[in-house]
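Secondary and tertiary structure notes
Below, each chain spelled out in residue letters.
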Amino acid sequence: MKKQIFIVVILLLTTSMLFATHNKAGEIQVIQLDFLRYEAVIKTYTQFSSTNVDRDSLEICWGDGACEWVQRNNSDLLENDTRFNAYTAQHIYTNEGDYTISMTDNNRNGGIANINGANSDNVAFHIETNFTASATINNPPLFLNPPNLLIQS
């Protein structure tokens, strides 16, 4: 009996791990609102069918030692089993300078050929953007088109 329970538990854990990946693409958009006040929008494209790892919030790190959890404020279903997610937050820096805003999630899509020999689900999904906070309006580049997600994952 104990052996049967052990086998069932292992099968359940293995099955849930098969659906654990979901991040397909992402970016961070930064907009200067005032002298040292900035808004960041984390945009992610995830596998819609991976509902057990859907993120209603993500942790953003502002590059000055501060990190915070940000609630999702937009979610749209796209083609090819893809969900678009947006998480928006504002931050005030205490000094001018160069900063790196970042987000890391352990759930990257598997099977990406050029990441870890197609074992990409073993590599954390990380996005970041660099910018200079200053009195001069300085917004990093903005992607005008969404990522190419035509390949079913």
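Above: the structure in question.
Residues numbered from 1 in each chain as written. Predicted model: local features only at pLDDT ≥ 70, side-chain atom pairs only at ≥ 80, totals over all residues. Heavy atoms only, no water.

Side note on the state of the cysteines
Counted only if it meets this: The disulfide criterion used throughout: a pair of cysteine sulfur atoms within 2.5 Å. Only protein chains enter the accessibility calculation, which uses a 1.4 Å probe. A residue is then buried if its area is under 20% of the maximum for its type, exposed if over 50%, and partly exposed in between.
According to the stated counting rule, one finds one disulfide in the structure shown. A disulfide bridge connects Cys61 with Cys67, and the sulfur atoms are separated by 2.2 Å. Residues Cys61 and Cys67 are joined through a disulfide that is right-handed, its torsion about the S-S bond being 110 degrees. The partly exposed category is assigned to Cys61, whose relative accessible area is 23%. Exposure remark for Cys67: the relative accessible area of 41% places this residue in the partly exposed category.

Notes on the pattern of salt bridges
We apply this condition: Salt bridge, as applied in this entry: a Lys or Arg side-chain nitrogen positioned within 4 Å of an Asp or Glu carboxyl oxygen. In DSSP terms, a helix is any run of H or I states spanning at least four residues, a strand is any run of E spanning at least two, and both are numbered starting from the N terminus.
Under the counting rule described, the total for this entry stands at three salt bridges. Across the pair Arg83 and Asp54 runs a salt bridge, and its minimum N-O distance is 3.6 Å. Residue Arg83 is found in strand 5 (residues 82-92), and its partner Asp54 is found in the loop between strand 2 (37-47) and strand 3 (57-61); the two are separated by 29 residues along the sequence. For Asp105, the salt bridge is made with Arg55, and the minimal N-O distance between the two is 3.0 Å. A residue pair is termed long-range when its members are at least 10 positions apart, and Asp105 in strand 6 (residues 97-105) and Arg55 in the loop between strand 2 and strand 3 qualify at 50 residues. Each of Asp54, Arg72 and Arg83 takes part in a single network of salt bridges with overlapping partners.

All quantities given are derived from atomic positions and should not be read as evidence of function.
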